[in-house]
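Residue-level structure breakdown
Chain by chain, the residues:
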Amino acid sequence: MLKQGVNKFFDSALQQLHEASQTLELDSGIVEFLKTPKRMVIVSVPVKRDNGEFNVFMGYRVQHNNARGPYKGGIRYHPEVTLEEVTALAMLMTWKCAVVDLPYGGAKGGVACNPKEMSREELEKLTRRYTSMIAEVIGPLVDIPAPDVYTDEQTMAWIMDTYSQLKGYQIPEVVTGKPVSVGGSYGRREATSRGVAITTREIARHLNIPLNRSRIAIQGYGNVGYYAAKILHEWGARIVAVSDSKGGILDERGLNPEAVMEHKKKTGSVINYNGAKTITNEELLELECDFLIPAALENQITEKNADRIKAKVIVEGANGPTTPEADKILYERKIAVVPDILSNAGGVTVSYLEWVQNLKRERWSLEEVNQKLEEKMVKAFADVVSYGKKYETNMRNAAMILAVDRVAEAVNLLGIWP
Ligand code: NAD
């Protein structure tokens with residue numbers, strides 16, 4: 001059913017698995033098992049629109065592997081959602097959870113729709129119907145969804161409520177990324193960015209680049225980009241450039257992230273911010289700086305611009321911002337890349353902490369959550385560095401080898417039944 005050659009992201013996910021498996025000399029049967037998701041659910045979701053018409057949207061939930069624990073992964077609403085894309089993202093979640101050593105497997109969900117053209121009421125109907133159609137395969141100890149592109153805290157509250165209504169009692173632990181008032185965790189909103197900031201600080205230490213004298217450029221000023229800028233600025237780094245879909249701004253003296261966000265809220269973009277020079281997104285990516293943090297979309301650093309990247313280090317906030325071809329060029333040019341499955345794993349880590357709080361019926365303080373996140377990210381960074389040394393490879397390959405090694409070990413120990 002899954003087709004290779006139709007989705008670049010899916011093809012490169014398989015390629016990465018293939019390479020890590022070869023390094024680890026895994027049995028070909030195990031590789032075949034890891035290449036294929038354990039379950040793929042496809043549903044058609046009918047929604048009665050505000051104008052009275054019916055539309056049917058295709059929805060997916062792909063559960064890749066659960067050898068290390070329940071499936072975990074977000075739900076994405078986007079017109080280009082396909083089974084191949086959701087599968088690649090589910091696989092990525094298996095590796096990401098393994099890198100940070102969370103007791104989870106990987107899953108992903110999606111509905112092919114354009115949320116920008118749907119009213120809040122229509123999105124609520126879509127979410128509730130989709131939830132009811134996948135309710136049989138999700139659950140607090142089975143598969144725990146979370147937000148992804150164009151889904152948010154409100155979407156998670158609707159999923160929690162629909163699932164709870166179907167079961168007859170309140171079950172907050174069925175989703176993470178919920179509003180704090182219905183069982184969400186303190187620190188979840190900025191968790192991905194805090195993880196990005198922690199890995200930036202760790203690689204800075206590792207490469208002897210003083211963070212408090214470093215210059216940072218960030219592409220994308222949404223949830224991940226903004227909070228990463230804010231935290232790194234608080235830690236003394238100079239944020240020299242940021243951008244969004246309309247363009248970028250540069251100020252060598254350093255930008256104030258909160259003031260830039262105020263400006264973006266008022267005007268709809270970061271551009272034309274007080275005294276800063278306007279630049280294009282291409283120029284931002286090619287700026288001379290210590291750290292470049294792509295935090296917008298996939299496929300931003302490609303074989304077309306990898307030769308012109310002047311950052312010393314790239315820390316991936318987004319999923320898949322660097323293509324495999326660009327990766328090779330950056331490696332040859334000795335530009336370090338901290339890969340997405342490590343650097344943006346802070347979000348799923350605090351999702352895990354939210355789930356544990358829900359299961360234990362506890363509420364932890366922000367300080368406690370941040371401390372636990374710090375420990376997990378620092379340990380994961382050190383594990384990836386040590387795999388890099390052991391296998392004499394870059395951080396992307398090292399993170400993949402570490403993840404596949406952990407998952408394959410669990411698969412081997414559990415065995416294949418019957
Ligand atoms: P978001 O929608 O809040 O923000 C995206 C930002 O990117 C916006 O500022 C948008 O204007 C900007 N953007 C869009 N197109 C652009 C372009 N062509 N050039 C420059 N900027 C552009 O999304 P987010 O939650 O911040 O997620 C960003 C990335 O991080 C995605 O790849 C997402 O999958 C990944 N990610 C997010 C989380 C999370 O917890 N939010 C966790 C892991 C990974």
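Small disclaimer: the values here were computed from a predicted structure and weren't measured.

The rules behind the values
- Residues numbered from 1 in each chain as written.
- Predicted model: local features only at pLDDT ≥ 70, side-chain atom pairs only at ≥ 80, totals over all residues.
- Heavy atoms only, no water.
- UniProt positions renumbered as here; feature names shortened; annotations may be inferred.
- Helix = DSSP H or I, 4+ residues; strand = E, 2+ residues; numbered from the N terminus.
- Contact = heavy atoms within 4.5 Å.
- Polar contact = N/O pair within 3.5 Å; in protein donor to acceptor, adjacent residues only side chain to side chain.
- Buried < 20%, exposed > 50% of the residue type's maximum accessible area, 1.4 Å probe, protein only.

1. Some words on the UniProt feature "site: Important for catalysis" (unreviewed entry) in the protein chain
What UniProt calls "site: Important for catalysis" (unreviewed entry) maps, in this numbering, to Asp 148. For Asp 148, the position within the fold is in the loop between strand 5 (143-147) and helix 5 (153-167). For Asp 148, the residues in contact, after removing those within four places along its chain, are Gly 74, Ile 75, Arg 76 and Lys 108.

2. Section: the environment of Lys 178
The topology assignment puts Lys 178 in the loop between helix 5 and helix 6 (191-206). Each C-alpha atom of the pair Lys 178 and Ala 157 lies 5.8 Å from the other, and the pair is 21 residues apart in sequence. Leaving out residues up to four positions away in the same chain, Lys 178 has contacts with Glu 153, Met 156, Met 160, Pro 172, Gly 183, Gly 184, Glu 354 and Asn 358. A distance of 2.7 Å separates a polar atom in the side chain of Lys 178 from a polar atom in the side chain of Glu 354. One polar contact links Lys 178 to Asn 358, side chain to side chain, over a distance of 2.8 Å.

3. Concerning unusual backbone geometry
In the segment running from Trp 417 into Pro 418, the intervening peptide bond is cis, with an omega of 5°. With respect to the secondary-structure elements, Pro 418 resides in the segment after helix 14 (395-414). Phi is positive for Tyr 150, close to 60°, though the residue is something other than glycine. For Tyr 150, the location among the structural elements is in the loop between strand 5 and helix 5. Judged by relative accessible area, which is 44%, Tyr 150 ranks as partly exposed. In this structure, Asn 272 takes a positive phi of about 65° despite not being glycine.

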